[in-house]
Amino acid sequence: MSAPPQGRPPRVMRCPVCADEFVWPDDPYISLHDERNDRFELVDVSSLSPTKRDNLVRKGYRQCPNPAGDTPEHYLPATYADHGDPLVIGLVGAPISGKTHLLTAMIRQAYLNGLATHGVTVTALDVRRHKAFREYFILPFERGDLLAGTGNGIVEAADILLVRGPGGQRPVTFFDVAGEDLESTDPRANRFLMATNAVIFVHASEDPLETGRSSGRSENASFEQAVAQLPGDRLPAVIAVTKADRLRYVPPAERWLHRGDETELKADRVRAESRDVYAYLHQAGALASLRPFDEFARCTLHFVSASGGDAVPVDAADPGKKHFPHGFHPTRVLEPLVSILAMTGIITGPEADRVGRP
Ligand SMILES: Nc1nc2c(ncn2[C@@H]2O[C@H](COP(=O)(O)OP(=O)(O)OP(=O)(O)O)[C@@H](O)[C@H]2O)c(=O)[nH]1
Ligand SMILES: [Mg+2]
Ligand SMILES: [Zn+2]
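What counts, and where the lines are drawn
- Residues numbered from 1 in each chain as written.
- Chains lettered and ligands numbered in written order.
- Predicted model: local features only at pLDDT ≥ 70, side-chain atom pairs only at ≥ 80, totals over all residues.
- Heavy atoms only, no water.
- 1 Å grid on protein atoms, 1.4 Å probe; cavity = no way out; pocket = protein on both sides within 12 Å on 5 of 7 lines; lining within 4 Å.
- Points joined across faces, edges and corners; volume = space filled by probe spheres on them.
- Helix = DSSP H or I, 4+ residues; strand = E, 2+ residues; numbered from the N terminus.
- Nonpolar A, V, L, I, M, F, W, Y, C, P; charged D, E, K, R; others polar.
- Axes fitted to C-alpha atoms, helices over the stretch in contact; angles between N-to-C directions.
- Left-handed = near helix turned anticlockwise from the far one by under 90°.
- Contact = heavy atoms within 4.5 Å.
- Near = heavy atom within 4 Å.
- Polar contact = N/O pair within 3.5 Å; in protein donor to acceptor, adjacent residues only side chain to side chain.
- Areas by Shrake-Rupley, 256 points an atom, 1.4 Å probe, with all protein chains shown as cover.
- Donors = N, O, S within 2.8 Å, 3.2 Å for Na, K, Ca; no water.
- Tetrahedral: all angles 85-135°; square planar, octahedral: opposite > 155°, others 65-115°.
- Buried < 20%, exposed > 50% of the residue type's maximum accessible area, 1.4 Å probe, protein only.

Asker: Would you mind showing me how to read empty space enclosed by the protein here?
Answerer: Over the atoms, a rolled probe matching the size of one water molecule traces out where space is still vacant. Across all of its chains, the model carries three cavities of 30 Å³ or more by this definition. By volume, the second largest cavity amounts to about 40 Å³. As for the second largest cavity, its lining consists of A110, L115, V122, L161, V163, V172, F174, L337 and L341. When contributions to the lining of the second largest cavity are tallied by element, the ones reaching two or more residues are β9 (157-165), β10 (168-176) and α10 (335-343). Per-class residue counts for the lining of the second largest cavity are nine nonpolar, no polar and no charged.

Rendered as C-alpha cells:
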C-alpha cells in the first residue's frame, strides 16, 4: 500500500453531483481518463515517486460511490477533498430567464482573473468538466452565438473550480439546470438543491421578448420551489436581475450598469445597489422574486447583464436562430459572485463581514 497523505483523519464529503455523503477514500487507486477510448482507467499510484504521483492525482478522478445508488456513474476530481469545505452554488430561475448566459459570463470573467482585485484566483479543479464548459459555453459566447436552452433532466454540475481567496481555498461547484426542472415538483429534478449551500436567484428584468410574459408576475415557481426546499435561514443568496441592458432607461439600473465592474468590495455600496434593485422589483410588481430576500440569512441584490444587448435573428427564414451581432459585453456579472464569496468567507475582512446583513 502507498503512504496515504500522512495522518489525515477520514473526511466525510458530500458529493455535489448526487448529494450523497461518504467517507472520502484514502486508497491509492486513481481513475485516469483515457481520451482516445473515452473511458476511465483505474491506476495504482502507490509505486510512483511522489512527484509523479502528485501529478497524476491532480489530473485524476475518483468515482463517486453514490451510496443511494440513484444517479448514473459519475466522477469527482481526485483532489476534491484536499481543500477547505466545498461550496456548491446553484442557479435558480424561470425558463429562459438568462441563467446559462449569466453563468457563462461569470465563469469566463472569473477565469480571466476578474476576481484578482479581491485577492481571489480561480483554476479548474475538474479539468475535463471545465474543458467541456469552455467548448460548449464560453467559446460560443465569445463568438456571439446564442447559447442553447438547458436540456431538461440534465442534473450535472456545470463546472467545478478551485477558488483561492484570503479565507482559504475551496472547491466551488456551479449548478445550472433547466428552468423547467426547477419549477417541477419532481424531487429528482432539483435534487442538486440538497447539496447547495449558496444560491444565485436569476430574475429577467424584461421577459416579453422571449416568453411573451411580463416580468412583474405575481408568481415565480422556480424561486418558490427553491425557497421551500432550502434551509434559507442558514444560507446566503443573491438575487441577480439580469438582462438589465433592457433597463438602460431606468435610472437606477442605468447608473449601476454604467459603473462597470467594481475593484473594491464596499458593503455600503452593495447595500445601496440592493436597495435600488429591491425598489425596482417591488415597483415592477415582482414580489414573488423578492421572497429569497425575506427567507435567506444573508441576501444581496444586483443588476447584471450577461450579453450587454439583445440577440437578433440571423436570417428571416429562421427567426428562432439568433446571435449577438455586436458580440458580448457582460456588465457587472461578477458582482453576485463577489457577494457570495464574501458571505461564505472566501473573501474576508470587515467589509465582507457586513455584506448582505441589514
Ligand atoms: N438582452 C439580454 N438578453 C439575454 C441576456 N442573457 C440572456 N438573454 C436572452 O435570454 C435567453 C435565455 O437565456 P438562457 O441563459 O438560455 O436562459 P436559461 O435561464 O438558462 O434558460 P433555461 O435553460 O431554458 O432554463 C437567451 O437566449 C438570450 O436571448 C442578457 O444579459 N441580455
Ligand atoms: Mg439554461
Ligand atoms: Zn455522487
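Having seen it, we continue.
Asker: Would you mind going over the packing of helix α7 (residues 251-259) against helix α8 (residues 267-283) with me for this structure?
Answerer: Between two packed helices, the angle of one axis relative to the other and the distance separating the axes together describe the packing. It is at 10 Å that the axes of α7 and α8 come closest, and there the two elements cross at 145°. Seen from above, α7 lies across α8 with left-handed handedness. Contacts between α7 and α8 involve P252, R255, W256 and R259 from the first element and R269, A272, E273 and D276 from the second. Split into classes, the residues belonging to the contact of α7 with α8 amount to three nonpolar, no polar and five charged.

Asker: Just checking my understanding: could you explain the site of ligand 1 for this structure?
Answerer: Neighbouring ligand 1 are 23 residues, the closest being K99, H101, G179, D245 and D310. The side chain of T100 places a nitrogen or oxygen atom 2.9 Å from an oxygen atom of ligand 1. Coverage of ligand 1 by the protein amounts to 94% of the 660 Å² it exposes when considered alone. Looking at which element gives the most residues to the shell around ligand 1, the answer is helix α2 (residues 99-111), with three residues. Partitioning the shell around ligand 1 into residue classes produces six nonpolar, eleven polar and six charged.

Asker: Would you explain the coordination of the zinc ion (ligand 3) in this entry?
Answerer: Reference values for angles at a metal are 109.5 degrees in the four-donor tetrahedral case and 90 or 180 degrees in the six-donor octahedral case. Protein-derived coordination of the zinc ion (ligand 3) comes from C15 (SG), C18 (SG), C64 (SG) and H74 (NE2), at a distance range of 2.0 to 2.3 Å. Coordination at the zinc ion (ligand 3) is tetrahedral: its four donor atoms span angles of 101 to 113° at the metal. Read N to C, the donor residues that coordinate the zinc ion (ligand 3) are spaced as C-x2-C-x45-C-x9-H. Highlighted residues: C18 in the loop between β1 (12-14) and β2 (21-23) and C64 in the loop between β5 (61-63) and β6 (75-77), separated in sequence by 46 residues. Residues C18 and C64 agree in their burial class; the two are buried.

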